[in-house]
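Listed below are the residues making up each chain.
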Amino acid sequence: MHTPALSLYLLDPSAPAASLNRIQAPLAAGFPSPADDYLEERIDLNRELIQNPTSTFLARVRGESMRDAGLRDGDLVLIDRSRSPRSGSMVLAWVDGGFTVKYLTLQADRALLRAANPDFPDLEFHEDEDAHIWGVVTYIIHQQT
């Protein structure tokens, strides 16, 4: 049995756009550049990150099972329910009464949910379980420490 690993938040498509200043110049990870010279129009995060507002959810992750994929406890994930999951997709799955974020692996005769942390076992879908893919993770948002 899995306990809920995250809280889901429905994004309100009628809410005011979340916009930030955008830097037009490419960002180098080397020597700094005078970025103020390149500030342009504001960027609308809804338009940039969300293709299908009515089927997109934001969730805060709890746990360390996807640590090696760069997904940490407390990170936010954007989930699109309208996208078709493929083998290799990071998905939000409902398994035995709880949500979990894992990589989906489709094989000829079975489907597995794989963690990105060797301390966590793979989960296999069984016919007698209450399990299904709920949506596809499209973005991970985490705070740098």
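Here, every reference points to the structure presented above.
Described in the following lines is the structure provided in the data block. Since this is a predicted model, take the numbers as computed values, not measurements.

Calculation notes
Here the residue index of a chain counts from 1 through its sequence in written order. Local features in this predicted model are restricted to residues of pLDDT 70 or higher, and side-chain atom pairs are both shown and tallied only at a pLDDT of 80 or more, whereas totals for entire chains, interfaces and linings draw on every residue. Values shown for side chains rest on all heavy atoms present in the structure; no hydrogens or waters enter the calculation. Under the scheme used here, helices are H or I runs from DSSP no shorter than 4 residues and strands are E runs no shorter than 2 residues, and both carry numbers assigned from the N terminus. Accessible area is worked out with a 1.4 Å probe on protein chains only. A residue is then buried under 20% of its type maximum, exposed over 50%, and partly exposed in between. The contact rule is simple, with two residues in contact once any of their heavy atoms fall within 4.5 Å. We get accessible surface area from the Shrake-Rupley algorithm with a probe of 1.4 Å; when it comes to residues, only the shown protein chains can shield them. Take a side-chain nitrogen of Lys or Arg and a carboxyl oxygen of Asp or Glu: if they are within 4 Å of each other, that pair is a salt bridge. Between the rings of Phe, Tyr and Trp (Trp by its six-membered ring), a pair exists once the centres lie within 6.5 Å; its type follows the angle of the planes, with under 30 degrees stacked, over 60 edge-to-face, and the other angles tilted. Only when the NZ atom of a Lys or the CZ atom of an Arg is both within 6 Å of the ring centre and within 35 degrees of the ring normal do we say a charge sits over the ring. Buried Ala, Val, Leu, Ile, Met, Phe, Trp, Tyr and Cys residues that are joined via side-chain atoms within 4.5 Å together make up what is termed a nonpolar core. Strand pairing requires that DSSP identify at least two bridges connecting the strands.

Assigned secondary structure in the chain consists of one helix and ten strands. Counting over 145 residues, the chain shows a buried share of 32%. In the chain, 59% of the contacts between residues at least 6 apart in sequence involve partners at least 24 apart. By element, 51% of the accessible surface of the chain is carried by carbon and sulfur atoms, the whole surface being about 9400 Å².

So, about the side chain of Ser65. Position of Ser65 relative to the elements: it lies in the loop between β4 (56-61) and β5 (76-80). Given a relative accessible area of 11%, Ser65 falls into the buried group. With residues near it in sequence (within four places) discarded, Ser65 still touches Val101, Lys102, Ala115, Ala116, Asn117 and Phe120.

Summed over all chains, the structure comprises four salt bridges. For Glu124, the salt bridge goes to Arg110, with nearest N and O atoms at 3.4 Å. Of the two residues, Glu124 sits in strand β9 (residues 123-124) while Arg110 sits in strand β8 (residues 110-114), which places them 14 residues apart along the sequence. For Glu124, a relative accessible area of 29% corresponds to the partly exposed category.

Going through the model one piece at a time under the given rule, you end up with three aromatic pairs. Aromatic pair Trp94 and Phe99: ring centres 4.7 Å apart, planes at 75 degrees, arrangement edge-to-face. Given a relative accessible area of 12%, Phe99 falls into the buried group. It is Arg81 that lies over the ring of Trp134; its NZ or CZ is 3.9 Å from the centre.

As a further point, take the nonpolar core. Counting 14 residues, the largest nonpolar core has Leu71, Val77, Ile79 and Val101 as the members making the most contacts within it. Contributing elements (two or more residues each) for this core: β4, β5, β6 (90-95), β7 (98-107) and β10 (131-141). When residues of this core are assigned to their parent elements, the largest contribution, three residues, is made by β4. Look past the residues within four positions of Val77 in its chain and what remains in contact with it is Phe57, Leu58, Ala59, Val61, Leu71, Val137, Tyr139 and Ile140. Core analysis: the next-biggest nonpolar cluster, separate from the first, contains eight residues, Val91, Ala111, Leu113 and Leu123 among them.

Here β5 pairs with β10 via five bridges, running antiparallel. If you follow Val77 over to β10, its bridge partner there is Ile140. In terms of strand pairing, β6 meets β10 through five bridges, oriented antiparallel. If you follow Ala93 over to β10, its bridge partner there is Ile133.

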